[in-house]
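# A look at the structure
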Amino acid sequence: MKIAVTYENEQIFQHFGHTEQFKVYEIEDGKILSSEVIDTNGQGHGALAGLLQAIAADVLICGGIGGGAQMALAKAGIKLYGGVSGACDAAVKAFLANDLGYHPNIRCDHHDHEHGEGGHSCGDHGCVTHNCGGHSCH
């Protein structure tokens, strides 16, 4: 299994579409075999999903991520764990221990936002303080 994490200075970079690097972990039998930092070469939102697919990533751990990127990852068969912060190594270890704190509905951010689709509810993940897509979340 390969786990990719948005990366900057050993920390999880908080905006998927602007990440300049991923830290990629090779996992076998629930243990980290190796890791390496790879450059995205300035690729943007859509191309990053293709890059992750090309390196055969199975999982992405990241901070914020928009709906379009989420759809591209789903289409590529990459499992998303968004809304994560802190050290990359610690997040991967927590993932392997089935103890990673993440936000399954991280979509409510400054990107596109559609209510009522896929059972999405803004109120359960902290977007109470802003306005989503020109209309109130609640």
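The following paragraphs examine the structure supplied in this document. Everything numeric here is computed off the predicted structure, so don't read it as measured data. (Residues numbered from 1 in each chain as written. Predicted model: local features only at pLDDT ≥ 70, side-chain atom pairs only at ≥ 80, totals over all residues. Heavy atoms only, no water.)

Take the overall build of the protein chain next. Helix and strand content of the protein chain: 3 helices and 8 strands. Element order for the protein chain, N to C, with α for helix and β for strand: β-β-β-β-α-β-α-β-α-β-β. Put simply, the protein chain has 138 residues, and 42% of those count as buried. Across the protein chain, every contact between residues at least 6 apart in sequence was considered, and the portion connecting residues at least 24 apart equals 48%. Accessible area of the protein chain: about 7300 Å², with a carbon and sulfur share of 47%. (Helix = DSSP H or I, 4+ residues; strand = E, 2+ residues; numbered from the N terminus. Buried < 20%, exposed > 50% of the residue type's maximum accessible area, 1.4 Å probe, protein only. Contact = heavy atoms within 4.5 Å. Areas by Shrake-Rupley, 256 points an atom, 1.4 Å probe, with all protein chains shown as cover.)

All right, on to the packing of aromatic side chains then. In this structure the tally under the stated criterion is 3 aromatic pairs. On the basis of an interplanar angle of 50 degrees and a centroid distance of 6.2 Å, the ring pair of F16 and F22 is categorised as tilted. Between Y81 and F95 the ring centres are 5.0 Å apart and the planes differ by 75 degrees, which places this aromatic pair in the edge-to-face class. Of this pair, Y81 sits in strand β6 (residues 79–81) while F95 sits in helix α3 (residues 88–96), and the two are 14 residues apart along the sequence. (Phe/Tyr/Trp six-rings, centres within 6.5 Å; stacked < 30°, edge-to-face > 60°.)

Structurally, T6 is set in strand β1 (residues 2–8). Ignoring anything within four residues of it in the chain, the contact list for T6 reads Q11, I12, F13, F16, T19, Q21, F22, L60, I61, C62, G63 and C88.

This part is about helix α2 (residues 67–76). Burial in α2 covers these residues: G67, A69, Q70 and L73. The arc that holds every buried residue of α2, seen down its axis, measures 160 degrees, which confines them to one face. The outward face of α2, more than 90 degrees from its buried face, is lined by the exposed residues M71 and K75. Of the residues one or two after α2, G77 is the one with positive phi, at around 80 degrees. (Arc of directions from axis to C-beta.)

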